[in-house]
Amino acid sequence: MDGILELALGESSGALNSDGLGALRKHSCQMAAQCRRRLVIYSFRLNPEIYNQPCFVEAVRQLIIRHARTRIQILVAETDELGRGGSGLVQLAQDLASSVEIRRRAEEFRGSQRSFMLADDCGYILRNLWSDLGNVRLDYNAPYVVRGLMDDFLLEWEQSEADPSLRRLSI
């Protein structure tokens, strides 16, 4: 795990296979912390064991604070658990709606089981099955792979919409 600290977003090239939840958590936190402009998350469900850990939520918060034009886009098929509260990313989306947006995938795309996170235009973490936290492929500098995943993401993003259950009601 110490080798993770040596990887730099946009500089360290070479796809890696990471196995185990611990490695996935560390890579997710590190990549989010190194991100400078855009963070994209695509998943069937927003796995709390990855995306609700304090280091990840804080990395996203710092990204928003450091860079005024930061854009964080989250696209999920199942939002029921998110609507019940307790997610740090949902809280950020409610507090900082101009920087963080969560959408529910359109019906025709809900069957996709893969999950990925894209950091800027170069880093990715990919799981072909969202629930398989132990079989992960990632790279801190793979712009061509990120471009392909981003194209897929944007196609679905444009056809999806915000989930009203995730909005904060102001009284």
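Residues numbered from 1 in each chain as written. Predicted model: local features only at pLDDT ≥ 70, side-chain atom pairs only at ≥ 80, totals over all residues. Heavy atoms only, no water.

Engineer: What exactly am I supposed to notice about the sheet that holds strand β8 (residues 161-162) here?
Structural biologist: Strand pairing in a sheet relies on backbone hydrogen bonds, with the paired strands running either antiparallel or parallel. Strand order in the open sheet formed by eight strands is β1-β7-β6-β5-β2-β3-β4-β8, with mixed pairing between adjacent strands. The open sheet is flanked by β1 (16-18) and β8, the only strands paired with a single partner. As paired strands, strand β6 (residues 123-127) and strand β7 (residues 136-139) are joined by three bridges and run antiparallel to one another. If you follow L126 over to β7, its bridge partner there is R137. Against the sheet, helix α5 (residues 88-95) contacts β2 (38-43), β3 (71-76) and β4 (100-104), and its axis sits at roughly 115° relative to β4. (Pairing = 2+ DSSP bridges. Helix = DSSP H or I, 4+ residues; strand = E, 2+ residues; numbered from the N terminus. Contact = heavy atoms within 4.5 Å. Axes fitted to C-alpha atoms, helices over the stretch in contact; angles between N-to-C directions.)

Engineer: Help me out: how do you make sense of the packing of aromatic side chains in this one?
Structural biologist: In this description, an aromatic ring pair is defined by two values, namely the gap between the centres and the angle between the planes. Under the definition given, this model contains three aromatic pairs. Measuring from ring centre to ring centre gives 4.8 Å for Y42 and F116, while their planes differ by 10°; the resulting arrangement is stacked. Of this pair, Y42 sits in strand β2 while F116 sits in strand β5 (residues 115-119), placing them 74 residues apart in sequence. F116 carries the same exposure label as Y42, and that label is buried. Ring geometry for F153 and W157: centres 5.4 Å apart, planes at 25°, overall stacked. (Phe/Tyr/Trp six-rings, centres within 6.5 Å; stacked < 30°, edge-to-face > 60°. Buried < 20%, exposed > 50% of the residue type's maximum accessible area, 1.4 Å probe, protein only.)

Engineer: Just checking my understanding: could you explain the pattern of salt bridges for this structure?
Structural biologist: When the charged atoms of two side chains with opposite charge come close together, those side chains can pair. The final tally for this structure, using the stated rule, is five salt bridges. A salt bridge links E58 to R61, with the shortest nitrogen-to-oxygen separation between them at 3.4 Å. One end of the pair, E58, and the other, R61, are both in helix α3 (residues 54-66), three residues apart, so they sit about a helical turn from each other. The salt bridge partner of E101 is R103, with a shortest N-O separation of 2.9 Å. A relative accessible area of 16% means that R103 is categorised as buried. (Salt bridge = Lys/Arg side-chain N within 4 Å of Asp/Glu carboxyl O.)

Engineer: Would you take a moment to explain helix α6 (residues 143-159) for this structure?
Structural biologist: Residues that lie three or four places apart on an α-helix share one face, since the helix turns once every 3.6 residues. Its 17 residues place the ends of α6 24 Å apart at the C-alpha level, agreeing with the 24 Å of an ideal helix rising 1.5 Å per residue. For α6, the full list of buried residues reads V146, L149, M150, F153, E156 and W157. Along the long axis of α6, the arc covered by the buried residues comes to 130°, so they all point the same way. Exposed residues on α6 whose side chains face more than 90 degrees from its buried face are Y144 and E158. Where α6 is buried, its residues contact β2, β3, β4, β5 and β6. (Expected span 1.5 Å × (residues − 1). Arc of directions from axis to C-beta.)

Engineer: I keep staring at the environment of V100 and nothing clicks. Help me out?
Structural biologist: For V100, the location among the structural elements is in strand β4. The exposure class of V100 is buried, given its relative accessible area of 4%. For the pair V100 and I72, spaced 28 residues apart in sequence, the C-alpha separation works out to 4.7 Å. For V100, the contacting residues outside a window of four places in its chain are I64, I72, I74, L89, L92 and A93.

Engineer: Would you mind showing me how to read the pairing of β6 here?
Structural biologist: Taken residue by residue, a regular strand's side chains alternate between the two faces of the sheet. Counting buried positions along β6 yields five of five residues, so the element is predominantly enclosed. Here β6 shows no split at all, with G123, I125 and R127 on one side and Y124 and L126 on the other all buried. In this structure, β5 lies alongside β6, joined through five bridges in antiparallel fashion. Each residue of the ladder has a partner; that of S115, found in β6, is R127. The antiparallel hairpin formed by β5 and β6 contains three residues in its connecting segment, where D120 sits at a positive phi of about 55°.

This is a description of form; function is not addressed.
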